[in-house]
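# Secondary and tertiary structure notes
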Amino acid sequence: KLFTLVDWLEKGHSLNETLNGRLQPVPNMTNSCQGNWVNPGGVRINNFANNQGYVGTPMMFTRDSLNTGYLAMAAELDLCDIANVVKKLGVKTGDGKEILMQNANEVIGSDNVSPIAMAGAYATVANGGNQCQPKVIDKVTTADGEERPIPERVCSPALTPEIAATAAYALQGVMARGGTGSTANPFDGTAVMGKTGTHEGHETWMIESSTNATTAVWVGNWDGDVDLFGRYFNGTQLSDMRYVLARDIQSAANEFYGGDRF
């Protein structure tokens, strides 16, 4: 959904436009690169918890992670352009292939991607549109404590500061009280933006970021599709573990790296 949000803004649309985000057959979608996606069978893509959707705005759809709202947004765009946003934010599939946005499911997030790639994409938004290669190695020292050089990384502009700031504004709504990610917000005085993700009932995500550090948590099945909802460990539903992990990790990152207002 991040990539659709960015393309929506880059095409001059507003966070406050009104769209029909009610549950309905997925509309046909333009893809000027791979061929248009059509829905002759009237397939519907449901929302989490059987939410019937509503007429609302992209700001609201982002806060609530409303699938049908984002499908309505994508229907007014070109899937090829959304795929180009994915590419310039540095995200590929887990085995290194480009994401082509060939169908409506990809708008919601059906591709196999890595947490570090997604963290890098959200970090670009948090960093004012400047994309830096994810930093894997923080420090290398010899046995006697002498620091050795670490691999250099390249940073380059991917989004305009205005687009990044507007996307960050929408994503802060996710982390505010009433947003789908609020449970993961440390509420420690450092501003955070973020986004939840749920693939059916067997994979869950929580990505959040200050202006200085981005964290990504994935909790799910590495093999199979056991439902994480309705199963518990030490009193915590497995589907909610993402919030606990993300909150604690982001809290530590905030304490160490700090953060400013977006």
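Values in this document were obtained by computation on a predicted structure and should not be read as measured data.

Moving on, we get to the state of the cysteines. Scanning the model with the defined rule gives 2 disulfides in all. The disulfide partner of Cys33 is Cys80, and the gap between their sulfur atoms is 1.9 Å. Residue Cys33 is located in the loop between β1 (19-22) and β2 (53-56), and its partner Cys80 is located in helix α4 (residues 79-88); the two are separated by 47 residues in the primary sequence. On the basis of relative accessibility, which here comes to 48%, the residue Cys33 falls in the partly exposed class. Covalent S-S linkage joins Cys132 and Cys155, the inter-sulfur distance amounting to 2.0 Å. On the sign convention where negative is left-handed, the bridge of Cys132 and Cys155, at about 110° about the S-S bond, is right-handed. Of this pair, Cys132 sits in strand β3 (residues 130-132) while Cys155 sits in strand β6 (residues 155-157); the two residues are 23 residues apart in sequence, bridging distant segments of the chain. In this structure Cys155 comes out as partly exposed when scored by relative accessible area, which is 40%. Bonded cysteines in the protein chain are paired 1-2, 3-4 when counted in the order they occur along the chain.

Counting residues in hydrophobic clusters, the biggest one holds 51 residues, and the most contacted among them are Leu2, Phe3, Met29 and Val91. In this structure, Met29 is in contact with Asn36, Trp37, Leu71, Ala74, Ala75, Leu79, Ala104 and Val107, ignoring residues within four places of it in sequence. Grouped together as the second largest cluster of nonpolar side chains are 9 residues, Ala184, Val192, Met206 and Val217 included.

To continue, consider the pattern of salt bridges. For the coordinates displayed, the defined rule picks out 8 salt bridges. Between Lys11 and Asp7 there is a salt bridge; the shortest N-O distance is 2.6 Å. The exposure class of Lys11 is partly exposed, given its relative accessible area of 43%. Of the residues examined, Asp7 reaches a relative accessible area of 1% and is grouped as buried. Notably, a salt bridge pairs Asp138 with Lys135, separated by 3.4 Å at the nearest N-O pair. The exposed category is assigned to Asp138, whose relative accessible area is 54%.

Turning to the environment of Ile137, a few remarks are in order. Tracing the sequence through the fold places Ile137 in the loop between β3 and β4 (140-141). Of the residues examined, Ile137 reaches a relative accessible area of 38% and is grouped as partly exposed. A C-alpha to C-alpha distance of 6.9 Å links Ile137 and Ile150, two positions 13 residues apart in sequence.

With that settled, consider the packing of aromatic side chains. Throughout the structure, instances matching the rule amount to 3 aromatic pairs. A centroid spacing of 4.8 Å and a plane angle of 80° characterise the contact between Phe256 and Tyr257, whose relative ring orientation is edge-to-face. With relative accessibility at 45%, the residue Tyr257 sits in the partly exposed group. The ring of Phe187 has Arg177 lying over it, and the distance from NZ or CZ to the ring centre is 4.0 Å.

The rules behind these values
The numbering scheme is per chain: residues are counted from 1 as the chain's sequence reads. Two thresholds apply to this predicted model, a pLDDT of at least 70 for residue-level local features and 80 or more for giving and counting side-chain atom pairs, whereas whole-chain, interface and lining totals are computed over all residues. Side-chain measures here rest on the full set of heavy atoms in the structure, leaving out hydrogens and waters. Our working definition of a disulfide is a cysteine sulfur pair at a distance within 2.5 Å. What counts as a helix is a DSSP run of H or I of at least four residues, what counts as a strand is a run of E of at least two, and both are numbered from the N terminus. Only protein chains enter the area calculation, which uses a 1.4 Å probe; residues under 20% of their type maximum are buried, those over 50% are exposed, and those in between are partly exposed. Residue types Ala, Val, Leu, Ile, Met, Phe, Trp, Tyr and Cys, when buried and joined through side-chain atoms within 4.5 Å, form a set referred to as a nonpolar core. The criterion used for residue contact is that any of the two residues' heavy atoms lie within 4.5 Å. Salt bridge, as used here, is a side-chain nitrogen of Lys or Arg placed within 4 Å of a carboxyl oxygen of Asp or Glu. The aromatic pairing rule takes the rings of Phe, Tyr and Trp, using the six-membered ring of Trp, and pairs them if the centres are within 6.5 Å, calling planes under 30 degrees apart stacked, those over 60 edge-to-face and the rest tilted. Charges are assigned to positions over rings by a cutoff of 6 Å between ring centre and Lys NZ or Arg CZ, combined with an angular limit of 35 degrees from the ring normal.

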